[in-house]
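Commentary on secondary and tertiary structure
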Amino acid sequence: MPKYIERMNKTFFMGAFLSPVIVPVIIIAFSLFQAATGINRQLDEGLFVPIAILYVIFMFIMFILFHYRMWAAVYDERVKTSPGMAVFLLFVPIYNFIWIFKFYFGFVQHYNENVERYGQNTGVKPIEGYAFFAMPILSVMGAILEFVEAGAMSIIVNILIYIVFLVVVWQTCNAVNAMTD
(Lines give C-alpha, C1' and ligand atoms only; values in the text may rest on other atoms or scores of the structure.)
Protein backbone atom coordinates (compact mmCIF):
# COMPACT_ATOMS: atom_id res chain seq x y z
CA MET A 1 0.00 0.00 0.00
CA PRO A 2 1.30 3.47 -0.77
CA LYS A 3 1.11 5.02 2.68
CA TYR A 4 1.60 4.00 6.28
CA ILE A 5 -1.53 2.35 7.64
CA GLU A 6 -1.80 1.78 11.35
CA ARG A 7 -2.89 -1.70 12.43
CA MET A 8 -6.21 -2.04 14.25
CA ASN A 9 -6.05 -4.15 17.41
CA LYS A 10 -8.93 -6.58 16.95
CA THR A 11 -8.86 -7.74 20.57
CA PHE A 12 -9.05 -4.14 21.81
CA PHE A 13 -11.96 -3.10 19.59
CA MET A 14 -13.91 -6.36 19.89
CA GLY A 15 -13.44 -6.31 23.66
CA ALA A 16 -14.63 -2.72 23.89
CA PHE A 17 -17.69 -3.33 21.74
CA LEU A 18 -18.50 -6.65 23.44
CA SER A 19 -18.35 -5.00 26.86
CA PRO A 20 -22.07 -4.01 26.82
CA VAL A 21 -22.76 -7.75 26.97
CA ILE A 22 -19.83 -8.81 29.17
CA VAL A 23 -20.18 -6.17 31.92
CA PRO A 24 -23.81 -7.04 32.81
CA VAL A 25 -22.92 -10.76 32.88
CA ILE A 26 -20.10 -10.02 35.34
CA ILE A 27 -22.44 -7.93 37.51
CA ILE A 28 -25.06 -10.70 37.52
CA ALA A 29 -22.41 -13.33 38.34
CA PHE A 30 -21.11 -11.16 41.18
CA SER A 31 -24.65 -10.71 42.53
CA LEU A 32 -25.29 -14.47 42.36
CA PHE A 33 -21.99 -15.11 44.14
CA GLN A 34 -23.00 -12.67 46.89
CA ALA A 35 -26.39 -14.33 47.26
CA ALA A 36 -24.86 -17.82 47.36
CA THR A 37 -22.22 -16.93 49.95
CA GLY A 38 -24.51 -14.83 52.10
CA ILE A 39 -22.40 -11.71 51.67
CA ASN A 40 -24.85 -8.88 51.60
CA ARG A 41 -22.79 -5.97 50.34
CA GLN A 42 -24.63 -3.88 47.85
CA LEU A 43 -23.01 -1.72 45.24
CA ASP A 44 -23.00 1.81 46.52
CA GLU A 45 -25.63 3.61 44.46
CA GLY A 46 -23.62 6.79 44.67
CA LEU A 47 -20.88 5.11 42.64
CA PHE A 48 -23.16 3.62 40.01
CA VAL A 49 -24.12 6.83 38.18
CA PRO A 50 -20.56 8.23 37.80
CA ILE A 51 -19.30 4.82 36.66
CA ALA A 52 -22.16 4.56 34.15
CA ILE A 53 -21.42 8.06 32.83
CA LEU A 54 -17.71 7.22 32.44
CA TYR A 55 -18.66 4.01 30.65
CA VAL A 56 -20.91 5.86 28.19
CA ILE A 57 -18.11 8.38 27.52
CA PHE A 58 -15.68 5.49 26.99
CA MET A 59 -18.02 3.81 24.48
CA PHE A 60 -18.53 7.10 22.64
CA ILE A 61 -14.77 7.59 22.34
CA MET A 62 -14.35 4.00 21.15
CA PHE A 63 -17.03 4.53 18.48
CA ILE A 64 -15.27 7.67 17.23
CA LEU A 65 -11.81 6.07 17.35
CA PHE A 66 -12.94 2.95 15.50
CA HIS A 67 -14.65 4.88 12.72
CA TYR A 68 -11.74 7.33 12.42
CA ARG A 69 -9.20 4.52 12.10
CA MET A 70 -11.49 2.69 9.69
CA TRP A 71 -11.68 5.67 7.31
CA ALA A 72 -8.01 6.58 7.79
CA ALA A 73 -7.04 3.16 6.44
CA VAL A 74 -8.57 3.96 3.02
CA TYR A 75 -7.85 7.70 2.95
CA ASP A 76 -5.49 8.74 0.17
CA GLU A 77 -5.34 11.30 -2.62
CA ARG A 78 -8.34 9.71 -4.37
CA VAL A 79 -10.67 9.96 -1.35
CA LYS A 80 -12.25 13.40 -0.96
CA THR A 81 -13.32 13.21 2.70
CA SER A 82 -10.73 13.23 5.48
CA PRO A 83 -11.11 10.75 8.37
CA GLY A 84 -12.01 13.54 10.82
CA MET A 85 -14.69 14.94 8.53
CA ALA A 86 -16.03 11.45 7.80
CA VAL A 87 -16.58 10.83 11.51
CA PHE A 88 -17.97 14.32 12.11
CA LEU A 89 -20.58 13.83 9.39
CA LEU A 90 -21.87 10.75 11.22
CA PHE A 91 -23.11 13.14 13.94
CA VAL A 92 -24.70 15.87 11.78
CA PRO A 93 -28.48 15.67 12.29
CA ILE A 94 -30.56 14.64 9.27
CA TYR A 95 -27.50 14.46 6.98
CA ASN A 96 -26.20 11.51 8.98
CA PHE A 97 -29.03 9.40 7.53
CA ILE A 98 -27.42 9.92 4.12
CA TRP A 99 -23.80 9.93 5.24
CA ILE A 100 -23.98 6.59 7.05
CA PHE A 101 -24.61 4.93 3.67
CA LYS A 102 -21.74 6.83 2.04
CA PHE A 103 -19.47 6.03 4.99
CA TYR A 104 -19.91 2.25 5.05
CA PHE A 105 -20.36 1.78 1.28
CA GLY A 106 -17.46 4.18 0.70
CA PHE A 107 -15.17 2.25 3.00
CA VAL A 108 -15.81 -0.99 1.11
CA GLN A 109 -15.47 0.74 -2.26
CA HIS A 110 -12.22 2.56 -1.38
CA TYR A 111 -10.75 -0.51 0.33
CA ASN A 112 -11.47 -2.73 -2.67
CA GLU A 113 -10.07 -0.08 -5.04
CA ASN A 114 -6.88 0.04 -2.97
CA VAL A 115 -6.64 -3.75 -3.04
CA GLU A 116 -7.03 -3.69 -6.84
CA ARG A 117 -4.50 -0.90 -7.21
CA TYR A 118 -1.81 -1.99 -4.75
CA GLY A 119 -2.57 -5.40 -3.32
CA GLN A 120 -2.46 -7.72 -6.32
CA ASN A 121 0.94 -9.16 -5.44
CA THR A 122 0.42 -9.13 -1.68
CA GLY A 123 -2.43 -11.64 -1.41
CA VAL A 124 -4.79 -9.10 0.19
CA LYS A 125 -8.36 -9.96 -0.71
CA PRO A 126 -11.27 -7.55 -1.30
CA ILE A 127 -13.91 -7.19 1.43
CA GLU A 128 -17.20 -9.00 1.11
CA GLY A 129 -19.37 -6.05 2.00
CA TYR A 130 -22.64 -7.66 3.13
CA ALA A 131 -22.34 -6.51 6.75
CA PHE A 132 -21.20 -3.07 5.60
CA PHE A 133 -24.31 -2.81 3.43
CA ALA A 134 -26.64 -4.09 6.17
CA MET A 135 -25.27 -1.75 8.85
CA PRO A 136 -26.61 1.57 7.49
CA ILE A 137 -29.90 0.02 6.41
CA LEU A 138 -30.52 -1.44 9.86
CA SER A 139 -29.34 1.75 11.57
CA VAL A 140 -31.80 3.94 9.67
CA MET A 141 -34.54 1.36 10.17
CA GLY A 142 -33.77 1.28 13.90
CA ALA A 143 -33.92 5.08 14.14
CA ILE A 144 -37.28 5.15 12.37
CA LEU A 145 -38.67 2.38 14.58
CA GLU A 146 -37.50 4.23 17.70
CA PHE A 147 -39.17 7.39 16.42
CA VAL A 148 -42.52 5.67 15.86
CA GLU A 149 -42.18 3.71 19.13
CA ALA A 150 -42.41 0.28 17.53
CA GLY A 151 -41.67 -1.61 20.76
CA ALA A 152 -40.59 -5.21 20.23
CA MET A 153 -39.72 -4.69 16.58
CA SER A 154 -37.35 -1.88 17.60
CA ILE A 155 -35.65 -4.15 20.14
CA ILE A 156 -35.16 -6.88 17.53
CA VAL A 157 -33.68 -4.43 15.01
CA ASN A 158 -31.35 -2.98 17.67
CA ILE A 159 -30.09 -6.48 18.52
CA LEU A 160 -29.47 -7.07 14.80
CA ILE A 161 -27.63 -3.74 14.55
CA TYR A 162 -25.38 -4.78 17.44
CA ILE A 163 -24.59 -8.18 15.89
CA VAL A 164 -23.95 -6.69 12.43
CA PHE A 165 -21.76 -3.98 13.98
CA LEU A 166 -19.61 -6.65 15.67
CA VAL A 167 -19.20 -8.33 12.27
CA VAL A 168 -18.23 -4.96 10.76
CA VAL A 169 -15.63 -4.44 13.51
CA TRP A 170 -14.23 -7.94 12.98
CA GLN A 171 -14.04 -7.58 9.19
CA THR A 172 -12.63 -4.05 9.35
CA CYS A 173 -9.84 -5.06 11.72
CA ASN A 174 -8.99 -8.08 9.55
CA ALA A 175 -9.05 -5.97 6.36
CA VAL A 176 -6.97 -3.09 7.71
CA ASN A 177 -4.46 -5.46 9.29
CA ALA A 178 -4.17 -7.37 5.98
CA MET A 179 -3.26 -4.08 4.28
CA THR A 180 -0.49 -3.43 6.79
CA ASP A 181 1.22 -6.81 6.42
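Rules behind the numbers
Residues numbered from 1 in each chain as written. Predicted model: local features only at pLDDT ≥ 70, side-chain atom pairs only at ≥ 80, totals over all residues. Heavy atoms only, no water. Phe/Tyr/Trp six-rings, centres within 6.5 Å; stacked < 30°, edge-to-face > 60°. Buried < 20%, exposed > 50% of the residue type's maximum accessible area, 1.4 Å probe, protein only. Lys NZ or Arg CZ within 6 Å of the ring centre and 35° of its normal. Bend = angle between axes of the 7 residues up to and from the residue. Helix = DSSP H or I, 4+ residues; strand = E, 2+ residues; numbered from the N terminus. Polar contact = N/O pair within 3.5 Å; in protein donor to acceptor, adjacent residues only side chain to side chain. Axes fitted to C-alpha atoms, helices over the stretch in contact; angles between N-to-C directions. Parallel < 35°, antiparallel > 145°, perpendicular 65-115°, else oblique. Left-handed = near helix turned anticlockwise from the far one by under 90°. Contact = heavy atoms within 4.5 Å. Nonpolar A, V, L, I, M, F, W, Y, C, P; charged D, E, K, R; others polar. Core = buried A, V, L, I, M, F, W, Y, C linked by side-chain atoms within 4.5 Å. pLDDT = per-residue confidence, 0-100.

**So, the packing of aromatic side chains**
- This model, assessed by the stated rule, comprises 17 aromatic pairs.
- Where Y95 meets W99, the ring centres are 6.4 Å apart and the plane angle is 20°; that geometry is what we call stacked.
- Exposure remark for Y95: the relative accessible area of 29% places this residue in the partly exposed category.
- In this structure an aromatic cluster arises from ring pairing among F12, F13, F17, F60, F63, F66, F91 and F165.
- Positioned over the ring face of W170 is K10, at 3.9 Å from the centre of the ring.

**Considerations on helix α1 (residues 10-37)**
- Along its length, α1 shows its largest kink, about 60°, at S19, and proline P20 lies within four residues downstream of that point.
- Burial in α1 covers these residues: F13, M14, A16, F17, S19 and Q34.
- Two to three positions downstream of the cap, the backbone nitrogen of T11 sits 3.1 Å from a side-chain oxygen, assigning the N-cap of α1 to N9.

**A closer look at the packing of helix α5 (residues 130-147) against helix α6 (residues 152-180)**
- Contact pair α5 / α6: the axes reach a minimum separation of 9 Å and the direction vectors enclose 155°. Classed by the angle they form, the pair α5 and α6 counts as roughly antiparallel. α5 and α6 meet at a crossing whose hand is left-handed. In this structure, α5 uses A131, F132, A134, M135, L138, S139, M141, G142, L145 and E146 to contact α6, whose residues at the interface are M153, S154, V157, N158, L160, I161, V164, F165, V167, V168, Q171 and T172.
- Residue composition of the contact of α5 with α6, by class: 15 nonpolar, six polar and one charged.

**Observations regarding unusual backbone geometry**
- One non-glycine residue, I94, lies in the positive phi region at around 70°.
- Relative to the helices and strands, I94 resides in the loop between α3 (83-89) and α4 (96-118).
- Judged by relative accessible area, which is 67%, I94 ranks as exposed.

**A closer look at the nonpolar core**
- Core analysis: the biggest nonpolar cluster contains 44 residues, and F17, Y104 and F107 have the highest contact counts within it.
- When residues of this core are assigned to their parent elements, the largest contribution, eleven residues, is made by α6.
- When neighbours within four sequence positions are excluded, Y104 is seen to be in contact with H67, M70, F132, M135, P136, F165 and V168.

**A look at the side chain of H67**
- Structurally, the position occupied by H67 is in helix α2 (residues 45-74).
- Exposure remark for H67: the relative accessible area of 0% places this residue in the buried category.
- A polar side-chain atom of H67 sits 2.8 Å from the main-chain carbonyl oxygen of F63.
- Contacts of H67, omitting those with residues within four sequence positions, involve V87, L90, F103, Y104 and F165.

**Notes on the confidence of the model for the chain**
- Of all residues in the chain, 90% attain a pLDDT of 70 or more, and the chain-wide mean is 86.
- Confidence, read as mean pLDDT per element, is least for α1 in the chain (82) and greatest for α3 (95).

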